[in-house]
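Structural overview for review
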Amino acid sequence: MRISVSSDMDEPVARLLLAELQRRGHAVRAHGALRPGADAQWAACSEAAARDVAEGAADQAVVCCWTGTGASIAANKVPGVRAALCADAVTADGARRWNDANVLALSLRLTSEPLLKEILDAWFAAEPSQDPEDRQNVARVGRLDAARRDS
Ligand SMILES: O=C(CO)[C@H](O)[C@H](O)COP(=O)(O)O
């Protein structure tokens, strides 16, 4: 899978995230503090990674900041992006399954190395639910997105 990754801070867990995604065979594109010379403000680098997904340059993205909140807020402003801030594997599983999330947001502060691997395992193992009610919810979010674009 093609995965864009962003972090506003060059923290060990962000480097580990890059290495772990590569080890799993993903093609990784780095933004922010993970790419020399790139804009590393959390709003800018989260937007860049999210735009990769929205524009088809990446299949999914993982966006990071110290809390994970700014990264998820910025990513969610990009049309077509459903970013989910996940602090554990159960949340990551639900985000993929029920929300059809296409961007994973992580807190650099909270995500330890074992937790990171658990979250990634759950995120990549889960498939979006085909249950009609779940699809209706995701479609409804898409309509909210479209309405915001048109307003
Ligand atoms: O969590 C964050 C945003 O949600 C940032 O990582 C946090 O604000 C730190 O940024 P800075 O190093 O610029 O003070």
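The model shown is predicted, which means the values in this text are computed figures rather than measured ones. (Residues numbered from 1 in each chain as written. Predicted model: local features only at pLDDT ≥ 70, side-chain atom pairs only at ≥ 80, totals over all residues. Heavy atoms only, no water.)

**A closer look at the site of the ligand**
- In the vicinity of the ligand, the contacting residues are Asp8, Met9, Trp42, Cys65, Trp66, Thr67, Thr69 and Gly70.
- At a separation of 3.0 Å, an oxygen atom of the ligand approaches a polar backbone atom of Gly70.
- Protein chains bury 53% of the 370 Å² of accessible surface belonging to the ligand in isolation.
- The class makeup of the residues in the shell around the ligand is four nonpolar, three polar and one charged. (Near = heavy atom within 4 Å. Polar contact = N/O pair within 3.5 Å; in protein donor to acceptor, adjacent residues only side chain to side chain. Areas by Shrake-Rupley, 256 points an atom, 1.4 Å probe, with all protein chains shown as cover. Nonpolar A, V, L, I, M, F, W, Y, C, P; charged D, E, K, R; others polar.)

**A closer look at the pattern of salt bridges**
- One pass over the full model with this rule turns up 13 salt bridges.
- As a salt-bridge pair, Arg2 and Asp59 come within 2.9 Å of each other at their nearest N and O atoms. With a gap of 57 residues between them, Arg2 in strand β1 (residues 2–7) and Asp59 in the loop between α2 (42–54) and β3 (60–65) connect regions that are remote in the sequence.
- Note on Arg2: relative accessible area 35%, which makes it partly exposed.
- We classify Asp59 as partly exposed; its relative accessible area is 34%.
- With a shortest N-O distance of 2.7 Å, Glu47 and Arg51 are connected by a salt bridge. With Glu47 and Arg51 both in helix α2, this residue pair falls four residues apart, about one helical turn.
- Connected via shared salt-bridge partners are Glu20, Arg23, Arg24 and Asp121. (Salt bridge = Lys/Arg side-chain N within 4 Å of Asp/Glu carboxyl O. Helix = DSSP H or I, 4+ residues; strand = E, 2+ residues; numbered from the N terminus. Buried < 20%, exposed > 50% of the residue type's maximum accessible area, 1.4 Å probe, protein only.)

**Overview of the side chain of Glu20**
- Assignment of secondary structure puts Glu20 in helix α1 (residues 12–23).
- For Glu20, the contacting residues outside a window of four places in its chain are Lys117 and Leu120. (Contact = heavy atoms within 4.5 Å.)

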